[in-house]
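Here are the chains, one letter per residue:
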Amino acid sequence: MNKTIKRIMIRTAALLLLLALALSSCSFGGKSETAFDPEEENESSLPETGEEDAKTGSDGEEESETREEVLFTEEEVLIPENTSEPEPEEEAVRILDGQESVTGKGNIALSVRSNLDPDKPMIALTFDDGPSAYTMDIMALLEKYGGRSTFFVVGEMLEKRSEELQHMIDEGHEIASHTWSHTNLRKVSKEEGKEAMNSVITYIKDNYGYSIKLCRPPYGASNATVKEEAGELGIALVIWSVDTLDWSTRNAEATFKAVKKEAKDGAIILCHDIHKPTAESMKQVIPWLHEEGYQLVTVQELLYYKNEGATAGKTYYSAG
Ligand SMILES: [Zn+2]
């Protein structure tokens, strides 16, 4: 009995000694790695494995292992954070999400969403003369309801509206030409007219890499020459089927009423995003169109799904 107790006591003492030893080495190791010495931190995180291995060499194999472990866990934490953030990749996916290039029966390559339902009604809300300080608000409303619009922009507005233009592209809205300085194309030579349309196309292409496919002649003023110019530029002309007269009434309620009165499948609705009441009216217009079951689409989408495509030099007033 006594012998067994002795043995047990010796074993326990030995175990305790081992434990004490183990603990002390642990706290040592722990201290050297977790003591928050900024220099040490930098040292261990900066040099990549190769250099660090060479430095620690023979005298501290255990230490270098622990360091590597620490490095690894740091990297493990860092990598997911870094890879989840690369915006360009994520954005590219978002832009292309459900977007495809199609031509249909026309000869213009159109960029459209593939998840639209061609059997359900569509309307193209279009905004001329901008971009302006109100354009962002309009886009925010559209996006809330899954809608997209076409913005017929004027060249003179472009330089100070890079944020708006980039947002249009990022969110899948359509940018189209409305000439550089709101030119009445009937009143200028063919060369001048062509240049007036094309300068916007070139600017947007050069600065944003975006290809414009459509032009709306200011005042809807077109003729055979203007059509020829568009044909030579490889773009189609777009007028409208509903004029909200927002530019004249400058009244949100009046604009909303005009839309309610004339909204129908295939309609191209003319608005101007340079007027505050127009932006205000969209708070009613967009939810109402959405509730009525209209898909809010770009003109390109409307022409593809309701008109089987678009042809360069042709004029479109509506679709379907
Ligand atoms: Zn205009």
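None of the values given here were measured: they were computed from a predicted structure.

Comments concerning the overall build of the protein
Thought 1: Within the protein one finds 13 helices and eleven strands.
Thought 2: Per-residue burial over the protein gives 34% buried out of 320 residues.
Thought 3: Sequence-distant contacts in the protein: of pairs separated by 6 or more residues, those separated by 24 or more amount to 75%.

Brief notes about the packing of helix α11 (residues 252–262) against helix α12 (residues 276–291)
Thought 1: Remark: α11 packs on α12, axes separated minimally by 8 Å, with the N-to-C direction vectors making an angle of 35°. Remark: the crossing between α11 and α12 carries right-handed chirality. Residue-level contacts link Ala 252, Thr 255, Phe 256, Val 259 and Lys 260 of α11 to Pro 277, Thr 278, Glu 280, Ser 281, Gln 284, Val 285 and Trp 288 of α12.
Thought 2: Grouping the amino acids of the contact of α11 with α12 by side-chain chemistry returns six nonpolar, four polar and two charged.

Describing helix α9 (residues 224–233)
Thought 1: The complete set of buried residues in α9 reads Val 226, Glu 229 and Ala 230. Relative to the axis of α9, the buried residues are bounded by an arc of 95° and lie together on one face.
Thought 2: The elements touched by buried residues of α9 are α8 (190–208), β6 (214–215) and β7 (236–238).
Thought 3: Phi turns positive, to about 75°, at Gly 234, one or two residues after α9.

Focus: the nonpolar core
Thought 1: Judged by nonpolar contacts, the single largest core of 66 residues is most densely connected at Ile 123, Ala 236, Ile 269 and Leu 302.
Thought 2: Sequence-distant contacts of Ala 236, defined by excluding residues within four places in its chain, comprise Ile 108, Lys 213, Leu 214, Ala 230, Ala 310, Thr 311, Ala 312, Lys 314 and Tyr 316.

A short note on α11
Three- or four-residue spacings in an α-helix give side chains the same orientation, since the helix completes a turn every 3.6 residues.
Thought 1: Along α11, the residues classified as buried are Ala 252, Thr 255, Phe 256, Ala 258 and Val 259. Within α11, the buried residues cover an arc of 160° as seen down the axis, which keeps them to one side. Looking at α11, the residues exposed on the side facing more than 90 degrees away from the buried face are Glu 253 and Lys 261.
Thought 2: Along its buried surface, α11 packs onto α10 (246–249), β9 (267–272) and α12.

What about the packing of helix α6 (residues 135–144) against α12?
Thought 1: Following both chains from N to C, one finds α6 and α12 inclined at 5°, their axes separated by 9 Å at the closest point. Classed by the angle they form, the pair α6 and α12 counts as roughly parallel. Of the residues in α12, those touching α6 at Asp 137, Ile 138, Leu 141 and Leu 142 are Ala 279, Met 282, Lys 283 and Ile 286.
Thought 2: Of the residues that constitute the contact of α6 with α12, the class distribution is six nonpolar, no polar and two charged.

Concerning unusual backbone geometry
Thought 1: With an omega dihedral of 0°, the bond running from Gly 130 to Pro 131 counts as a cis peptide bond.
Thought 2: Mapping Pro 131 onto the fold places it in the loop between β3 (122–128) and α6.
Thought 3: Residues other than glycine seldom take positive phi values, yet His 182 does so here, at roughly 55°.
Thought 4: Structurally, the position occupied by His 182 is in the loop between β5 (174–177) and α8.
Thought 5: The class for His 182 is partly exposed, based on 15 C-beta atoms found within 10 Å.
Thought 6: In this structure, Glu 308 takes a positive phi of about 65° despite not being glycine.

A closer look at the pairing of β3
Thought 1: The buried count for β3 comes to seven of seven residues, which makes it a mostly enclosed element.
Thought 2: Alternating positions in β3 separate into two faces, Met 122, Ala 124, Thr 126 and Asp 128 on one and Ile 123, Leu 125 and Phe 127 on the other, with burial throughout.
Thought 3: As defined by bridge partners, β3 adjoins β9 across six bridges and the pair is classed as parallel. Bridging from a neighbouring strand, Ala 124 pairs with Ile 268 of β9.
Thought 4: Sheet topology note: the β3/strand β4 (residues 150–153) ladder contains three bridges and is parallel. Paired with Asp 128 across the strands is Phe 152, a residue of β4.
Thought 5: For the crossover that starts at β3, traverses α6 and ends in the parallel β4, the hand is right-handed.

Details of the confidence of the model for the protein
Thought 1: This prediction gives the protein a mean pLDDT of 81; 70% of its residues lie at or above 70.
Thought 2: The low-confidence segment residues 21–96 (pLDDT under 50) makes 22 contacts with residues lying over four places distant or belonging to another chain.

Some words on the environment of Tyr 317
Thought 1: On the secondary structure map, Tyr 317 appears in the segment after β11 (315–316).
Thought 2: Looking at Tyr 317, the number of C-beta atoms within 10 Å reads 14, which means it is partly exposed.
Thought 3: Separated by 80 residues in the primary sequence, Tyr 317 and Leu 237 have C-alpha atoms spaced 8.8 Å apart.
Thought 4: In contact with Tyr 317, other than residues within four places in its own chain, are Ile 239, Trp 240, Ser 241 and Ile 268.

Observations concerning the environment of Ala 267
Thought 1: Secondary-structure assignment places Ala 267 in strand β9.
Thought 2: The exposure class assigned to Ala 267 is buried, which follows from the 25 C-beta atoms found within 10 Å.
Thought 3: Each C-alpha atom, one on Ala 267 and one on Trp 240, is 7.6 Å from the other, the two residues being 27 residues apart in sequence.

Quick notes on the rules
- Counting from 1, residues in each chain are numbered in the order their sequence is written.
- Local features in this predicted model are restricted to residues whose pLDDT is 70 or higher, and side-chain atom pairs enter the listing and the counts only when it is 80 or higher, whereas totals over whole chains, interfaces and linings include all residues.
- A run of H or I in DSSP counts as a helix once it spans at least four residues, and a run of E counts as a strand once it spans at least two, with each numbered from the N terminus.
- Residues with at least 20 neighbouring C-beta atoms inside 10 Å of their own are called buried, those with 12 or fewer are called exposed, and the rest are partly exposed, where every C-beta is derived from the backbone.
- Once C-beta atoms have been placed from the backbone, residue pairs whose C-beta atoms lie within 7 Å are recorded as contacts.
- Every axis in this analysis is a line fitted to C-alpha atoms, fitted for helices over the stretch in contact. Angles between the N-to-C directions lie between 0 and 180 degrees.
- Crossings are assigned a handedness: left-handed for a near helix turned anticlockwise from the far helix by less than a right angle, right-handed for a clockwise turn.
- Ten residues, namely Ala, Val, Leu, Ile, Met, Phe, Trp, Tyr, Cys and Pro, are considered nonpolar, four, namely Asp, Glu, Lys and Arg, are considered charged, and the remaining ones, Gly among them, are considered polar.
- Here the arc refers to the directions that run from the helix axis out to each C-beta atom.
- Only buried Ala, Val, Leu, Ile, Met, Phe, Trp, Tyr and Cys residues enter a nonpolar core, and they are joined through C-beta atoms within 7 Å.
- Oblique is the label for every angle not falling under 35 degrees (roughly parallel), over 145 degrees (roughly antiparallel), or within 65 to 115 degrees (roughly perpendicular).
- Between any two strands, at least two bridges found by DSSP are needed for them to pair.
- Throughout, right-handed denotes a crossover for which the path from the first strand over the helix to the second runs clockwise when the strands point away from the viewer.
- What pLDDT expresses is the predictor's confidence in each residue, scored from 0 to 100.

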